[in-house]
Amino acid sequence: MIGLYNVSAGYGKAEVIHDMTFEIKENGVYVILGKNGAGKTTTLRVIAGILPVIKGRVIRKGSVGYLSHSFALPNEMTVREALNFFSKVLGGDPDRVIEEFKLSELLDKKIADLSQGQKKRVAIAKLFLKDHEVYLFDEPTENLDPVIASEIRSMITSLSKHKTVIYTSHNLYEARDIGNYVILIDNGRLALYKPISEIKTKEYVVGIRASEDLSKVLDGHYQGEYFIVTLNDPSEVNNIVLELTKRNVKIFEIKEMKNPLEDLLK
Ligand code: ADP
């Protein structure tokens, strides 16, 4: 369980986050969203306990693992040396994480010679040497190639079944895909804290590509080859499909045109 109560924090005399109060009690994926400089990383560092608060109180039950932006890995060591070193300091079995995060090919490489994505994998392996109740990731999929980013997303999803994962992201599609809750920070203040499913249903815009001119059948307009309809609820898609099928219209594709989270960052 994580609780922030009227927390203000910052650097030196400069307060960056102000009077922030929220609790995280259930397992799941909590995405911290906000514009650049809003205070996402600062909030994560407060939760991790590496940045002291100026005012307020933080409660942290259970162990917390934190993947920072900078990874904090020793550049001069090889991957094998680094993982052995951390297992001595932190505990845990280096061979288990080497296998789990497919690091065997990198073992003899120096940390300094790794790509950003490879460093991130090593940093995550380090984090998983020990079991934690809460995992904090600062932009875990930023600057990664799509395959590794997708592996990390799967890892976060499966982890969240038994753990709490809190992470910061710029990627609204990713947040939508794997997040359960959004914590929106605007100018250092908590602007919204809500299940993402509740944000999803407000307005649902879909584009349909079909064999016939849909403007004769449905309310909406064309945008390129997609016919755009705005629905109140995703379940209405089903009615449209039934209606079009009844009229022998072939549907080639239906896709969501708008991510409701986009509105949050305007
Ligand atoms: P975000 O993660 O949302 O982009 P940050 O929490 O990193 O935002 O930063 C919020 C504000 O705090 C920014 O104005 C940034 O310049 C300032 N800041 C961040 N880190 C430091 C630091 N180590 N020292 C001084 N100011 C900082």
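Residues numbered from 1 in each chain as written. Predicted model: local features only at pLDDT ≥ 70, side-chain atom pairs only at ≥ 80, totals over all residues. Heavy atoms only, no water.

- In the nomenclature of an unreviewed UniProt entry, the protein chain is known as ABC transporter related of Saccharolobus islandicus.

Digging into unusual backbone geometry
- The backbone of N6 shows a phi angle near 50°, a positive value even though the residue is not glycine.
- Position of N6 among the secondary structure elements: in strand β1 (residues 2-11).
- Look at N6 and you get partly exposed, because its relative accessible area is 43%.
- Positive phi, normally seen in glycine, also occurs at K102, with a value near 50°.
- Along the chain, the position of K102 falls in the loop between α3 (94-100) and α4 (116-127). (Helix = DSSP H or I, 4+ residues; strand = E, 2+ residues; numbered from the N terminus. Buried < 20%, exposed > 50% of the residue type's maximum accessible area, 1.4 Å probe, protein only.)

Describing the domain arrangement of the protein chain
- For the protein chain, the assigned domains are domain 1 (2-63 + 132-198), domain 2 (79-126) and domain 3 (204-265).
- Here the C-alpha centre of domain 3 lies 34 Å away from the C-alpha centre of domain 1.
- Opposite the ten residues of domain 1 that make contact, domain 3 presents eight residues.
- By the criterion of area lost to domain 3, the three top residues of domain 1 are L172, Y173 and R176, representing 56% of everything that side buries.
- Counting across the interface, domain 1 meets domain 3 through one salt bridge.
- Linking domain 1 to domain 3 there are two residue pairs in polar contact (both at pLDDT 80 or more).
- Contributing elements (two or more residues each) for the side of domain 1 that touches domain 3: α6 (172-178) and β8 (181-186).
- Looking at which element gives the most residues to the side of domain 1 that touches domain 3, the answer is α6, with four residues.
- Broken down by class, the residue content of the side of domain 1 that touches domain 3 amounts to seven nonpolar, one polar and two charged. (Domains from an automatic or database assignment. Contact = heavy atoms within 4.5 Å. Buried area = accessible area lost by both parts, 1.4 Å probe. Salt bridge = Lys/Arg side-chain N within 4 Å of Asp/Glu carboxyl O. Polar contact = N/O pair within 3.5 Å; in protein donor to acceptor, adjacent residues only side chain to side chain. Nonpolar A, V, L, I, M, F, W, Y, C, P; charged D, E, K, R; others polar.)

Regarding the site of the ligand
- Surrounding the ligand, one finds Y11, V16, K35, N36, G37, A38, G39, K40, T41 and T42.
- A distance of 2.8 Å separates an oxygen atom of the ligand from a polar atom in the backbone of T41.
- Between T42 and the ligand, the recorded distance is 2.5 Å, taken from a side-chain N or O atom to an oxygen atom.
- Calculation on the ligand without its partners gives an accessible area of 560 Å², and the protein chains cover 54% of this total.
- With three residues, helix α1 (residues 40-48) is the single largest residue contributor to the shell around the ligand.
- Residue composition of the shell around the ligand, grouped by class: three nonpolar, five polar and two charged. (Near = heavy atom within 4 Å. Areas by Shrake-Rupley, 256 points an atom, 1.4 Å probe, with all protein chains shown as cover.)

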